[in-house]
Amino acid sequence: MNKRTVASLAPAEMKGRRALVRVDFNVPLGEGGTVTDDTRIRAALPTLQLLLQGGARVVLCSHLGRPKGGPDPKYSLAPVAKRLQELLGRPVAFCPTVVGAEAEAASRALKDGEVLLVENTRFEKGEEKNDAALAEAMAKLGDFYVNDAFGSAHRAHASTEAVARLLRPAVAGLLMEKELEYLGGALDHPKRPFVAILGGAKISGKIDVIEALLPKVDALLVGGAMACTFYKAMGFETGSSLVEPDRVEMAAALVERAGTVLILPHDATVAPAIAEGAKAHAVKRDAIPATEAMLDIGPDTAASYARAILSAKTVVWNGPMGAFETPPFDNGTNVVARAMADATAKGCITVVGGGDSAAAVEGAGLAAQMSHVSTGGGASLEFLEGKVLPGVAALDDK
Ligand code: ADP
Ligand code: MG
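Residues numbered from 1 in each chain as written. Chains lettered and ligands numbered in written order. Predicted model: local features only at pLDDT ≥ 70, side-chain atom pairs only at ≥ 80, totals over all residues. Heavy atoms only, no water.

Quick look at the domain arrangement of the protein chain
- Assigned domains of the protein chain: these are domain 1 (6-175) and domain 2 (190-384).
- A straight line from the C-alpha centre of domain 1 to that of domain 2 covers 36 Å.
- The contact between domain 1 and domain 2 buries some 580 Å² in all, and 66% of this surface belongs to carbon and sulfur atoms.
- Among the residues domain 1 hides against domain 2, the three largest losses belong to F150, H154 and L175. Together they make up 73% of the total.
- At the boundary of domain 1 with domain 2, the tally comes to zero salt bridges.
- At the junction of domain 1 with domain 2, the criterion picks out zero residue pairs in polar contact (both at pLDDT 80 or more).
- Tallied by class, the residues present in the side of domain 1 that touches domain 2 amount to two nonpolar, two polar and one charged. (Domains from an automatic or database assignment. Buried area = accessible area lost by both parts, 1.4 Å probe. Salt bridge = Lys/Arg side-chain N within 4 Å of Asp/Glu carboxyl O. Polar contact = N/O pair within 3.5 Å; in protein donor to acceptor, adjacent residues only side chain to side chain. Nonpolar A, V, L, I, M, F, W, Y, C, P; charged D, E, K, R; others polar.)

Encoded structure:
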């Protein structure tokens, strides 16, 4: 990690100064504006506590949802302020605007150790355009900048990129640091054997990750519907499985080039359709019935992937092994998650990236048993692709 973090701030850099902190409070809201899952709010607490204990005056900003071109009460952060106040055990002031006179005055009214949350950054048109004028207005809310929103770091927005160039110091929060350390550590100096597991629906969304990981890993295990595009390339019947016809040629070239590093499932769990309790059965990969679809990796493959995970020292996983939302097609995903939890207990570094993968691991109740479950779906994918994340690049180097 070559970026400065909030842990490196000297007392004089915090005490009495306004910290503009970009957090990821993009949480699900239920009826009557209640926060139905506060995981992301909790994830920001260590950084906030560090700043508050240091006597900083904390000004928080975040986006929530996808409001279209202006303020929309449906996407207000007001309920988040309430929940944060309960979690922090201290008052959290809320400003109904993002920038401007009211927000600036509220930020200047803060005393040491006090907290203000401003309204949804996407209520401002300039946010997603990385607009310079909006960034300047945001910069008036703080004396220095902290970015703890890893999940938004792959987007160059006014609150993640342009404003980070205007305030100094500009440092990573503790959550951001943890993300970069685990993801970056796995990619840059993995303990070997290094195994990657890639699944999910579409090979097209994962091709850059495959390309980036292939030269780094000892084995790349493929699961999910994505396996079927490879099967097609190998000339197997794929029935009604999800296949991307325009990627078959590319899949063939990958198989050819990757050699023994790329491992495809050798059996499949198939059924006529995705339906709870569907008549699922396991077949060898060259025996998928023409009227059925592969909806999960087969039990033999799941067992052999588990063995590979248990003999690895570093495992990075992105993408479910099957249509895990609908049992029994969650078996492969659960077996992989279980094996990763067991590997972690034996000292293996295990990292899970991707929104659906993280949800699957959480659903299986195993999130706490992984070394790291990334909070950033798209951001973790782009990181695994080897891309520079603009929100990270804009922060001060160590
Ligand atoms: P992530 O969000 O972790 O990056 P993806 O979005 O790439 O993962 O893929 C997750 C989706 O892939 C899930 O909705 C899952 O149901 C679907 N999926 C995985 N395998 C299959 C399959 N064999 N058939 C249909 N859908 C599948
Ligand atoms: Mg997804």
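Let us keep going from here.
Let's talk about the pairing of strand β2 (residues 57-61)
- With respect to burial, β2 is a largely interior element, four of its five residues being buried.
- Inspection of the sheet shows strand β1 (residues 18-22) paired to β2 by five bridges, in the parallel sense. Note on β2: the bridge partner recorded for A19 is V58.
- Following the chain from β1 across helix α2 (residues 39-53) to the adjacent parallel β2, one finds a crossover that is right-handed.
- Here β2 runs beside strand β4 (residues 115-118); their pairing, made up of three bridges, is parallel. Looking at the pairing, V59 lines up with L116 of β4. (Buried < 20%, exposed > 50% of the residue type's maximum accessible area, 1.4 Å probe, protein only. Helix = DSSP H or I, 4+ residues; strand = E, 2+ residues; numbered from the N terminus. Pairing = 2+ DSSP bridges. Right-handed = clockwise from strand over helix to strand, strands pointing away.)

Looking at the nonpolar core
- Formed by 94 residues in total, the largest nonpolar core has its most connected members in I197, L220 and F230.
- When residues in this core are grouped by element, the largest group, six residues, is from helix α12 (residues 331-345).
- Of the residues that make up this core, three or more belong to each of domain 1 (6-175) and domain 2 (190-384).
- Those residues in contact with I197 that sit more than four places away from it in its chain are L221, I309, V315, V316, W317, N318, M321, V336 and M340.
- In terms of nonpolar packing, the next biggest core, distinct from the first, is built from 31 residues, V27, I41, A56 and V80 among them. (Core = buried A, V, L, I, M, F, W, Y, C linked by side-chain atoms within 4.5 Å. Contact = heavy atoms within 4.5 Å.)

Re the packing of aromatic side chains
- On inspection of all chains with the given rule, the structure shows one aromatic pair.
- For the pair Y231 and F236, a centre-to-centre distance of 5.8 Å together with 65 degrees between the ring planes defines the contact as edge-to-face.
- By relative accessible area, which is 0% here, Y231 ends up buried.
- The exposure class assigned to F236 is partly exposed, which follows from its relative accessible area of 21%. (Phe/Tyr/Trp six-rings, centres within 6.5 Å; stacked < 30°, edge-to-face > 60°.)

Points about the site of ligand 1
- Neighbouring ligand 1 are 17 residues; K206, M294, E325, D356 and S357 lie closest to it.
- For ligand 1, an oxygen atom lies 3.2 Å from a polar atom in the backbone of A201.
- Between A225 and ligand 1, the recorded distance is 3.1 Å, taken from a backbone N or O atom to a nitrogen atom.
- Residue assignment for the shell around ligand 1 shows that the elements contributing at least two residues are β12 (293-297) and α13 (355-363).
- Looking at which element gives the most residues to the shell around ligand 1, the answer is α13, with three residues. (Near = heavy atom within 4 Å.)

Observations regarding the sheet that holds strand β5 (residues 144-147)
- Spatially, six strands are ordered β3-β4-β2-β1-β5-β6 in an open sheet, and the strand pairing comes out parallel. Two strands lie at the open edges of the sheet, namely β3 (92-95) and β6 (170-172), each paired on one side alone. Direction aside, neighbouring strands of the sheet carry axes that sit 25 degrees apart on average.
- Docked against the sheet, α2 engages β1, β2, β4 and β5, running at close to 150 degrees with respect to β2. (Axes fitted to C-alpha atoms, helices over the stretch in contact; angles between N-to-C directions.)

Let's talk about the environment of N130
- Locating N130 in the fold gives a position in the loop between β4 and α5 (132-139).
- A C-alpha to C-alpha distance of 7.6 Å links N130 and S159, two positions 29 residues apart in sequence.
- Residues contacting N130, with those up to four places away along its chain left out, are A156, H157, A158, E161 and A162.
- There is a polar contact of 3.0 Å between the side chain of N130 and the side chain of E161.

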